[in-house]
Amino acid sequence: MNEKIQKYTEYCLNCPMKPCSQKGCPLNNDIPAFIKQVKEGNIEEAYKILSKTTVLGSVCGRICPHMKQCEGSCVRGIKGEPVQIGSIEAFVFDEALKNGWYKNTEKTHKLDGKKVAVVGGGPAGLTCSAFLAKSGADVTIYEKYNKLGGILEHGIPEFRLDKDILDKTIEAILSLCINVEYGKELGKNLDLQELEKEYDAIFLGFGANIPSKMNIPGEELEGVYGGNSLLENGNHPDYRGKKVAVIGGGNVAMDCSRTIKRLGADKVYVIYRRAEKQMPAEVKEIAEAKEEGVEFLFQNNIVKILGDKKVEKIECIRTELVKKEGETREVPVNIEGSNYVMDMDYVVMAVGSCPEKELLEKLEQSGIELNKWGYIQVDENHRTSNPKIYAGGDLAGDKATVAWASRAGRDAACTIEDALSSAQVIS
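Note that the coordinates shown come from a computational prediction; the quantities given were computed from them, not determined experimentally. (Residues numbered from 1 in each chain as written. Predicted model: local features only at pLDDT ≥ 70, side-chain atom pairs only at ≥ 80, totals over all residues. Heavy atoms only, no water.)

With respect to the overall build of the chain
Heads up, the condition is: Only DSSP runs of H or I with at least four residues qualify as helices, and only runs of E with at least two residues qualify as strands; both kinds are numbered from the N terminus onward. The reference for a compact globule is 2.2 Å times residues^0.38; the radius of gyration itself is calculated from the C-alpha atoms. Throughout this description, buried means an accessible area under 20% of the type-specific maximum (1.4 Å probe, protein chains only), exposed means over 50%, and partly exposed covers the range between. Throughout, a residue-residue contact means that at least one pair of heavy atoms, one from each residue, lies within 4.5 Å. Only the protein chains shown count as cover for residues, and all accessible areas are computed by the Shrake-Rupley method using a 1.4 Å probe.
When helices and strands are tallied, the chain shows 15 helices and 16 strands. Relative to a compact globule of 427 residues, whose C-alpha radius of gyration would be 22 Å, the chain shows 23 Å and is just as compact. When its C-alpha atoms are laid out on the principal axes, the chain stretches across 70 × 55 × 45 Å. Residues classed as buried in the chain amount to 51% of the 427 residues present. Of all intrachain contacts in the chain linking residues separated by at least 6 positions in sequence, the fraction that spans at least 24 positions is 69%. Accessible surface, the chain as shown: approximately 20000 Å² in total, 46% of it carbon and sulfur.

Some words on the nonpolar core
Which entries qualify depends on this criterion: Definition of nonpolar core: a set of buried residues of the types Ala, Val, Leu, Ile, Met, Phe, Trp, Tyr and Cys, connected through side-chain atoms within 4.5 Å.
Core analysis: the biggest nonpolar cluster contains 65 residues, and F34, V38, V92, L132 and I416 have the highest contact counts within it. In this structure, V244, A253, M254 and A350 belong to the second largest nonpolar core, which totals 22 residues.

Regarding the packing of aromatic side chains
Rule in force here: To pair, rings of Phe, Tyr and Trp, with the six-membered ring standing in for Trp, must have centres within 6.5 Å; the planes then decide the type, stacked if under 30 degrees apart, edge-to-face if over 60, and tilted in the middle.
Using the criterion set out here, one finds six aromatic pairs in the structure. Here the aromatic rings of Y47 and W101 are separated by 6.2 Å at their centres, their planes lie at 45 degrees, and the arrangement is tilted. With Y47 in helix α4 (residues 43-51) and W101 in the loop between α6 (85-99) and β1 (115-119), this residue pair connects regions lying 54 residues apart in the sequence. For the residue pair Y47 and W101, the accessibility class agrees, reading buried in each case.

Some details on the packing of helix α12 (residues 251-262) against helix α13 (residues 283-291)
For clarity, the cut-off: A fitted line through C-alpha atoms represents every axis, and for helices the fit uses only the stretch in contact; the resulting angles, taken between N-to-C directions, go from 0 to 180 degrees. Reported orientations rely on four angle classes, namely roughly parallel under 35 degrees, roughly antiparallel over 145, roughly perpendicular from 65 to 115, and oblique for the rest. Take the far helix as the reference: if the near one is turned anticlockwise from it by less than a right angle, the crossing is left-handed, and if turned clockwise, right-handed. Residue classes follow a fixed rule: Ala, Val, Leu, Ile, Met, Phe, Trp, Tyr, Cys and Pro count as nonpolar, while Asp, Glu, Lys and Arg count as charged, and any other residue, Gly among them, counts as polar.
Closest axis-to-axis distance for the α12/α13 pair is 10 Å, and the angle between their directions is 20 degrees. In terms of axis orientation, α12 runs roughly parallel to α13. The handedness of the crossing between α12 and α13 is left-handed. Residue-level contacts link N251, M254, S257 and R258 of α12 to E285, I286, E288 and A289 of α13. Within the contact of α12 with α13, the residues separate by chemical class into three nonpolar, two polar and three charged.

Structural notes on the sheet that holds strand β3 (residues 179-182)
Definition in use: Only when DSSP finds a minimum of two bridges between them are two strands counted as paired.
Spatial strand order, β3-β2-β1-β4-β16: five strands in an open sheet with parallel pairing. Each having just a single partner strand, β3 and β16 (389-391) make up the two edges of the open sheet. Averaged over neighbouring strand pairs, the angle between their axes works out to 20 degrees when direction is ignored. With five bridges joining them, β1 and strand β2 (residues 138-143) adopt parallel strand pairing. Residue pairing for β2: V116 is matched across the bridge by V139.

A few points about the sheet that holds strand β6 (residues 224-226)
Here five strands make up an open sheet; going across it, the order is β6-β14-β7-β8-β9 and the pairing parallel. At either margin of the open sheet sits one strand with a lone partner, and together these are β6 and β9 (295-298). Between one strand axis and the next, the sheet turns by 20 degrees as a mean value, whatever way the strands run. Docked against the sheet, α12 engages β7 (243-247), β8 (267-272), β9 and β14 (346-349), running at close to 170 degrees with respect to β8.

Regarding α13
Here is the rule we go by: Regarding the arc, it is the one traced by the directions from the helix axis to the C-beta atoms.
Along α13, the residues classified as buried are E285, I286 and A289. Seen along its axis, α13 keeps its buried residues to an arc of 100 degrees; they face one direction. For α13, the secondary structure elements touched by its buried residues are α12 and β9. Residue G293 follows α13 closely and has a positive phi angle near 100 degrees.

Re α4
For α4, the full list of buried residues reads I43, A46, Y47, I49, L50 and S51. Taken together, the buried residues of α4 touch α3 (31-39), α6 and α7 (123-134).

A few points about the pairing of β1
In plain terms, the rule: Crossovers are marked right-handed if the path from the first strand over the helix to the second runs clockwise, as seen with the strands pointing away from the viewer.
The element β1 is largely enclosed, with a buried count of four among its five residues. Crossover β1 to β2 through α7 is right-handed. Alignment of β1 against strand β4 (residues 201-204), held across four bridges, turns out to be parallel. Paired with V119 across the bridge in β4 is L204.

A short note on a nonpolar patch on the surface
Note the following rule: Residues enter patches when they are more than 30% accessible in relative terms and free of salt bridges; like-charged ones are connected within 9 Å and nonpolar ones (Val, Leu, Ile, Met, Phe, Trp, Tyr) within 5 Å. Any Lys or Arg side-chain nitrogen found within 4 Å of a carboxyl oxygen on Asp or Glu counts as a salt bridge.
On the surface, a nonpolar cluster with roughly 290 Å² of combined accessible area is contributed by L13, V75 and I78. One can find V75 in the loop between α5 (57-63) and α6.

Re the packing of α4 against α6
Two numbers describe a pair of packed helices, the interaxial angle and the distance between the axes. For the pair α4 and α6, interaxial distance at closest approach is 9 Å and the crossing angle is 105 degrees. When the axes of α4 and α6 are compared, the pair comes out roughly perpendicular. Contacts between α4 and α6 involve I43, A46, Y47, L50 and S51 from the former and E89, F91, V92, F93, E95 and A96 from the latter. Here the residues of the contact of α4 with α6 are counted per class, giving eight nonpolar, one polar and two charged.

Things to note about the side chain of S135
In plain terms, the rule: Think of a polar contact as two N or O atoms within 3.5 Å of one another; within protein, one of them needs to be a possible hydrogen donor and the other a possible acceptor, and neighboring residues in sequence only count if both atoms come from side chains.
Mapped onto the secondary structure, S135 falls in the loop between α7 and β2. Judged by relative accessible area, which is 4%, S135 ranks as buried. At a separation of 3.3 Å, a polar atom in the side chain of S135 contacts the main-chain carbonyl oxygen of F131. In contact with S135, other than residues within four places in its own chain, are T108, H109, K110, L111, D112 and E417.

Given below as structure tokens:
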């Protein structure tokens with residue numbers, strides 16, 4: 001076994017309360033149990049334990065915000081460094097891919113003869129499809145691109161996630177006898193009502209990748225880009241020798257800033273209106289961005305983009321953090337008179353994303369209720385207002401990480417399994 005991985009496993013206390021699993025991991029992976037098996041050299045058994053709750057171990061082990069999830073809840077981390085849970089998880093799933101252990105996956109056959117359509121081949125859709133296929137369902141994924149993976153394929157840079165690992169992970173999932181229809185986009189060449197006629201259940205798991213706007217003056221100028229769109233489409237301008245401002249504090253902002261710096265930008269500034277400790281991005285991603293030369297302007301906020309037809313300058317203002325009455329979190333408040341101007345060539349908005357409004361309106365017209373925030377309304381079991389249709393991930397307003405999207409897909413699969421197997425018993 002890898003010597004480094006062995007050391008990581010020996011550091012684990014195998015806590016009976018499992019805070020890393022119950023409190024930290026969105027998927028509730030049985031972390032102490034699988035680490036114990038790795039420690040004893042039973043790697044395949046460790047894989048079987050993890051496979052009960054996840055199918056994306058090689059991915060999550062690499063890109064999850066571990067310090068905000070499992071490792072952040074590790075007892076070892078109270079007085080020192082936490083157990084390197086992500087590295088151990090990735091090792092186990094890499095071994096499974098290498099040795100073909102996924103080919104031995106047992107099916108329950110609870111859903112034999114049932115057909116389920118999954119719209120969207122990202123983390124939520126892939127996970128939902130895998131768990132339904134394990135139950136014997138005839139699953140078909142409808143994907144708008146010519147490759148599966150969603151944000152994993154089109155949004156996360158190669159330096160963070162090796163595309164060869166991703167391809168092998170998807171290949172393993174599809175080996176569960178999952179069908180795929182590429183080039184199919186809901187609302188364009190894919191009709192929801194037609195799917196309802198053909199399938200026993202439908203899971204909507206496509207992402208929310210339309211960049212959010214700040215609605216500040218100058219946002220319409222040439223040279224202003226949406227972070228999600230840049231990463232998804234890869235249509236970057238020539239940054240060589242240029243100055244670029246990336247607005248936001250999440251992993252999309254980190255991915256954009258590091259990508260842009262690697263593409264030759266002279267200066268890359270991440271502008272975030274809160275303090276560094278409040279950044280939603282993973283700690284290691286912030287550290288690596290700094291090491292690569294990205295500059296951070298904390299407690300600063302962009303208020304205006306200046307230029308004739310294209311970006312020439314930006315106007316920012318400094319902020320202070322204030323805890324308002326009734327609030328638990330400090331909020332940024334602009335400091336009056338602290339405005340300043342910076343020369344800038346490009347501005348990248350990485351302040352969040354939302355589902356495509358036109359598509360959601362079409363879904364609403366077809367009878368799918370939306371909530372007050374404009375996302376698909378689902379209950380605690382991921383059912384929409386149409387009992388045959390389920391949804392999860394970004395378009396249902398779930399927490400925007402790969403692990404949480406996977407959790408939504410897995411939980412929806414369990415609900416679909418219960419509903420369809422119950423219907424079989426009744427019939």
